[in-house]
Amino acid sequence: MNQSKIYFNSRDMLIRLVIQKIVYFEGDGNYTCIVTANKQKICITLNLAHTEEMLAKQLGDTAKQFMRVGKRFIVNMNYINQVNILNQHLWLSDSEHFLFQLTVSKEALKTVKELVVKTKI
């Protein structure tokens, strides 16, 4: 089983994650928290823009499965379960083990909805 991995290397730690297990990234100033399918939350010392760059650099074409949603999130599009523009919620789920609810702006959710409908993710 060959699964793509991404590495986050800082002064104090090295993190290796299987990209298919990453549900979303949440930016918080100079930090980004990575939330995985087993509900693990790992915070790294990179802002969201640098995290986005690292995804593109390390994953190449595979990085397209991740989408920047508003100012705070990068989500794995494979886990988009429900887009509720009116309530400003984006639900991410594997339909079995986890369900995460993110609060996102209406404008960002409209973009997500259009992309999901267009690409039939």
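Cut-offs and rules
Residues numbered from 1 in each chain as written. Predicted model: local features only at pLDDT ≥ 70, side-chain atom pairs only at ≥ 80, totals over all residues. Heavy atoms only, no water. Core = buried A, V, L, I, M, F, W, Y, C linked by side-chain atoms within 4.5 Å. Buried < 20%, exposed > 50% of the residue type's maximum accessible area, 1.4 Å probe, protein only. Helix = DSSP H or I, 4+ residues; strand = E, 2+ residues; numbered from the N terminus. Contact = heavy atoms within 4.5 Å. Pairing = 2+ DSSP bridges.

A. Inspection of the nonpolar core at higher detail. Core analysis: the largest hydrophobic core is formed by 20 residues, its most contacted members being Tyr24, Val69, Val75, Leu90 and Leu92. Where this core is concerned, the elements lending two or more residues are strand E3 (22-28), strand E6 (66-69), strand E7 (73-76), strand E9 (89-93), strand E10 (99-103) and helix H2 (106-119). In terms of residue count, the dominant contributor to this core is H2 (three residues). The residues contacting Val75, other than those within four sequence positions of it, are Val23, Tyr24, Gln65, Phe66, Met67, Val69, Ile80, Leu90, Leu92 and Leu102. Counting residues in hydrophobic clusters, the runner-up holds 16 residues, among them Ile6, Phe25, Leu48 and Phe66.

B. Spatial organisation of the pairing of strand E8 (residues 80-84). The pairing of E8 with E9 spans four bridges and is classified as antiparallel. Within E9, the residue paired with Ile80 across the bridge is Leu92. A loop of four residues connects E8 with E9, the two strands running antiparallel in sequence, and Gln88 in this loop sits at a positive phi of about 60 degrees.

Interpretation in functional terms is not warranted from these geometric data alone.
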